[in-house]
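# A closer look at the structure
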Amino acid sequence: MALIYAILIFTHLIGISQSKLQVGFYGQTCPNVESIVSGVVSEAAASNQNIAPVLLRLHFHDCFVQGCDGSILIENGEKAERHAFGHQGVGGFEVIEKAKAEVETVCPGLVSCADIVALAARDAILLANGPSYDVETGRRDGVVSDLSLAENMPDVEDSIQQLKAKFMEKGLSEKDLVLLSAAHTIGTTACFFMTKRLYNFSPNGGSDPSINPNFLPELKATCPQNGNVNVRLAIDRGSGEAFDSQILQNIRSGFAVLQSDANLYGDETTRRVVDSYFGILSPLLGTSFEADFANAMVKMGRIGVLTGSQGTIRRVCASF
C-alpha cells in the first residue's frame, strides 16, 4: 500500500511539473485577474497614449530572453536583465507592477508576473483597435536576471538571415517573423536607430538604397545628420497610432522606417508572406492579418515558459 501511495504521489508531481498553458487557467483560483489587468492598462492608456506599443514591446522582450518568465521585470542592480543594451527603451514596468499589486490584494501568491505581462500586451493591442484573442495562462516566474542573457535580442540592424535564425531559435517561423515585426504598426522609434541607415549604410556609406526616394528627404528632415538622436518618429508612416496592416504596405513600398522591417521585403520567403495580405484573392483565401497576428502572439507567448512546479510566483514583480 505504501508503494502504491508513493507511486501516486510521484505521478501527481510529474503531472504538476508538466502542466501546460491554458485559456482560463485562473478561472477558479482568481477569476477576476483579466478584468483587473485590463482596468489597469486602460487607466494607464488614459494618461499615456504610447502605452500600447510599450506594453506590447515589453512582452516581446520578456519572451525572447529566457522565455516568457517575467525576468525582464526584475530589478537587482546594474547587471539586471532589464538594463541590457538590447532592452534599451523598454518600459511599462510600472503598469505591470500596479496590476500585480491589485491582483495580489484579491489573489495573493497565485498569479505570475509573466502572465500579467502577456495579458497586458493583449489588452494594449485591443486598445489600439487591434485584434482580441484568448491569452493562455499558467506561466510561472523566473528567478534569474542577468543582462548578459539578452545579448542575442533581435536588432534593427540585423540582416534578414540573422533575424530568421534568432526567430527560428525560439521556435518561430518566417511567417511569425513578419507578423511580429508588424507589431511596429503602433509606436515610435528614436533617430538614434536611424543614423546608420540614413548616413552610413553598409557597405558603401550614404543612405540605404531600399528607402523610397520620396521618403528619404522626409526621414532626413526628421533625423538630420548630427541632430538630436532622441527625436522620435512613427515606425508606421501615416498610421502610427492605429493597429492595421499599413506597416506591411509601407514595407512593400519602400516606406519602412526601420532597417529590420525593410529587410523583410528583400528576402523571397518573407516577401511572399508580406504580399500574401494584399493579393486580390487573399480575403477569399482566408488570409487575415489580424487573425494571423493574434496567432503569432499566442505562439510567442509559449516560448520557454515555466509551468507546474517550475519557477515561482513572485509577489512583487521587480524582486525575487
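Residues numbered from 1 in each chain as written. Predicted model: local features only at pLDDT ≥ 70, side-chain atom pairs only at ≥ 80, totals over all residues. Heavy atoms only, no water.

## Here's the deal with empty space enclosed by the protein
A full pass over the atoms with the stated rule returns one cavity of 30 Å³ or more. By volume, the largest cavity amounts to about 60 Å³. Taken together, His59, Ala118, Tyr133, Val135, Glu136, Arg139, Met297, Val298 and Gly301 make up the lining of the largest cavity. For the lining of the largest cavity, a count of residues per class yields five nonpolar, two polar and two charged. (1 Å grid on protein atoms, 1.4 Å probe; cavity = no way out; pocket = protein on both sides within 12 Å on 5 of 7 lines; lining within 4 Å. Points joined across faces, edges and corners; volume = space filled by probe spheres on them. Nonpolar A, V, L, I, M, F, W, Y, C, P; charged D, E, K, R; others polar.)

## Re the nonpolar core
Note on soluble globular proteins: their nonpolar side chains tend to be buried together. Judged by nonpolar contacts, the single largest core of 74 residues is most densely connected at Leu55, Leu58, Leu73, Ile96, Leu248 and Met297. Sorting elements by how many residues they give to this core places helix H5 (residues 113–127) first, with nine residues. Among the domains, domain 1 (27–152) and domain 2 (160–296) are the pair contributing at least three residues each to this core. Leaving out residues up to four positions away in the same chain, Leu73 has contacts with Leu58, Arg82, Phe93, Ile96, Cys113, Val117, Arg314, Cys317 and Ala318. (Core = buried A, V, L, I, M, F, W, Y, C linked by side-chain atoms within 4.5 Å. Buried < 20%, exposed > 50% of the residue type's maximum accessible area, 1.4 Å probe, protein only. Helix = DSSP H or I, 4+ residues; strand = E, 2+ residues; numbered from the N terminus. Domains from an automatic or database assignment. Contact = heavy atoms within 4.5 Å.)

## A word on the domain arrangement of the protein chain
Once the domains are mapped, the protein chain shows domain 1 (27–152) and domain 2 (160–296). Taken over C-alpha atoms, the centre of domain 1 sits 24 Å from the centre of domain 2. Taken residue by residue, the interface counts 15 residues in domain 1 and 16 residues in domain 2. Counting the surface domain 1 buries against domain 2, the share from its top three residues, Phe64, Pro131 and Asn152, is 36%. (Buried area = accessible area lost by both parts, 1.4 Å probe.)

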